[in-house]
Amino acid sequence: MTRLSPQTLGSLPKTVRRPSYERAGLKPGIVHLGLGAFARAHLCEYTDDALEHAFGAWGIIGASLQRPDQRDRLKPQGGLYSFLKRAPDGPQMRIIGSVLDVLVAPENPAALVTRLAAAETRIVSLTVTEKGYCHDPATGRLRQDHPDIVHDLEHPDAPRSAIGLIVAALKLRKAEGLAPFTALSCDNLPHNGKVLRGLVRDFAALQDDTLAAWIEANGAFPATMVDRIVPATTDADIAEAAGLLGVEDAAPVIGEPFRQWAVEDRFASGRPAWDEVGAQMVSEVAPFEFMKLRMLNGAHSSLAYLGYLSGHETVAEASGDPVLARFLQGLWAEIIPTVPAPQGVDLTDYAGALLTRFHNPAIRHRTWQIAMDGSQKLPQRLLGTIRERLKAGAPIDHLALGVAAWMRYVTGTDETGTVIDVRDPLAGEFARIATQAGRNAQALSSGLLGIEAIFGSDLPRETAFTKAVARQLDSLFSQGAKATAAALAA
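The following paragraphs examine the structure supplied in this document. Every value quoted in this text rests on a predicted model; they were computed, and no experiment measured them. (Residues numbered from 1 in each chain as written. Predicted model: local features only at pLDDT ≥ 70, side-chain atom pairs only at ≥ 80, totals over all residues. Heavy atoms only, no water.)

A positive phi angle, close to 65 degrees, is found at Thr129, a residue other than glycine. For Thr129, the position within the fold is in the loop between strand E6 (123-126) and helix H5 (147-154). Residue classification places Thr129 among the partly exposed positions, given a relative accessible area of 33%. A positive phi is found at His191, a non-glycine position, where the angle reads about 55 degrees. Mapped onto the elements, His191 comes out in the loop between strand E7 (182-185) and helix H7 (192-207). Of the residues examined, His191 reaches a relative accessible area of 42% and is grouped as partly exposed. (Helix = DSSP H or I, 4+ residues; strand = E, 2+ residues; numbered from the N terminus. Buried < 20%, exposed > 50% of the residue type's maximum accessible area, 1.4 Å probe, protein only.)

Right under this line is the structure:
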């Protein structure tokens, strides 16, 4: 089959939306680190829309920090790819044209640093997941012992971490008399702009105090809150995209119609007209970010672990299970009192909208995918809420079940005895603890709660928390996920 490319755009069916701007004249202005499916379904689409509204030099150069896969898929297509939005009433298809090229950092880190440092690069954005920040999630500080940070300090001209790359480029810009670019985190981290600023400053200070001071004085690190469900693309999705396009697309992305982006409007050298195409440019992102992390992401993680253990492959299946839907309602009842509502938002209505999104049968968002990297996600998504509830003397039964379900999941074996592919930076540590504890809930919970990088030093001393988690974990072992959730609802 013919490949999607600038030459085949004209042959696509009229039902497929394609860029309305003159793409041949598009110049780069953004470099995006971590050009995965989520970035291409969010940042790249917003930028595509902004280019249609007000054309400017805001093309995107993507950068893969580990593998060449994305480059190898997109380069033969001139950076073009399709975005298949799965709505309950049928699919919607469009072509995104904002990506101009993709670099692969391990192949030539110096070339990527040069691109980041170029005068035309005005924004460097990131979706590298929580673990890509090489930080301690419990404190938000740079992990100087992280292998990538150790490497980048020893090899400053060939960095491999996102933080190392950004600092290397800023150092070069300072030497050349250029202002810093805007560093824009699009990852689900609380206060992601502040965290990124601190990590960049800390890394720079390990090399050069004057560089750190220059970045602190002149850099721009806006906080953002991004929201869209983007499942991993499957072979079936690729086949469906080809059927709708009439040409082969090696890099389609799949997502829900809903999208949200709140961005602090603090940019060093301008930005695309994102505000004209639906982005919320605000003075303070924290209320939106806080609401999403606790209500959407906290519920997503809890549902992923309980859903997977209950035999549900997708979020739609899990949230459609009446027992787990009742669990979600109870979970949100515990979360909502800890969330200050952003202006104009009713949190009960927001919870209802989340459940509707979860129910979308056209989105196959795998529980296994959401369950990845729980050690990085739990501190932001659940543990902060638990701390506030404990301080207030409020019940934490549903929150504790979410944590216990994670513990049951990371043992590496499901309720049928099938091996779970646990993907997490601490998977080896989990396996060691699980092997020692066996099915002893008290031993397993104590062992996992002892991982200070996840739970800090305070939560293991909170008896109300440790007892609640051990009790729910014991029920998960003896009764199973669905029965445990059902008993909680009763």
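Following the sequence through the fold, Ala162 ends up in helix H6 (residues 162-175). Residue class for Ala162 comes out buried when judged on its relative accessible area of 2%. Taking the C-alpha atoms as reference points, Ala162 and Lys377, 215 residues apart in sequence, are found 19 Å from one another. Excluding its chain neighbours within four sequence positions, the residues that come into contact with Ala162 are Leu33, Leu65, Leu126, Val128 and Gly132. (Contact = heavy atoms within 4.5 Å.)

Before going further, it helps to examine the packing of aromatic side chains. For the structure on display, the rule yields 10 aromatic pairs. Ring-pair connections join several aromatic residues into one group, and the members of that group are Tyr46, Trp261, Phe267 and Trp274. For the cation-ring pair, Arg259 lies above Tyr46, with the distance from its terminal atom to the ring centre recorded as 3.8 Å. (Phe/Tyr/Trp six-rings, centres within 6.5 Å; stacked < 30°, edge-to-face > 60°. Lys NZ or Arg CZ within 6 Å of the ring centre and 35° of its normal.)

This part is about the environment of Pro322. Tracing the sequence through the fold places Pro322 in helix H12 (residues 322-335). Residues Pro322 and Ala41, 281 residues apart in the sequence, show an inter-C-alpha distance of 30 Å.

Okay, the pattern of salt bridges next. This structure, assessed with the given rule, holds 35 salt bridges. Here Glu45 ties to Arg94 by a salt bridge, and the two come within 3.0 Å at their closest N and O atoms. Remark: Arg94 occurs in strand E4 (residues 90-96) and Glu45 occurs in helix H2 (residues 43-53); sequence separation between them is 49 residues. Neither Glu45 nor Arg94 differs from the other in exposure class; each is buried. Across the pair Arg357 and Asp227 runs a salt bridge whose closest N-O atoms are separated by 2.9 Å. Of the two residues, Arg357 sits in helix H13 (residues 347-359) while Asp227 sits in strand E8 (residues 224-227), which places them 130 residues apart along the sequence. One salt-bridge network, held together by shared partners, links Arg17, Glu45, Asp48, Asp49, Glu52, Lys85, Arg94, Arg228 and Arg259. (Salt bridge = Lys/Arg side-chain N within 4 Å of Asp/Glu carboxyl O.)

A few words on the nonpolar core. Grouped together as the largest cluster of nonpolar side chains are 69 residues, with contacts concentrated most on Met295, Trp332, Trp406, Phe455 and Phe465. In this structure Phe455 touches Leu383, Arg387, Val403, Trp406, Met407, Leu448, Leu449, Pro460 and Phe465, once residues within four positions along its chain are discounted. In this structure, Val113, Leu126, Val128 and Ala212 belong to the second largest nonpolar core, which totals 39 residues. (Core = buried A, V, L, I, M, F, W, Y, C linked by side-chain atoms within 4.5 Å.)

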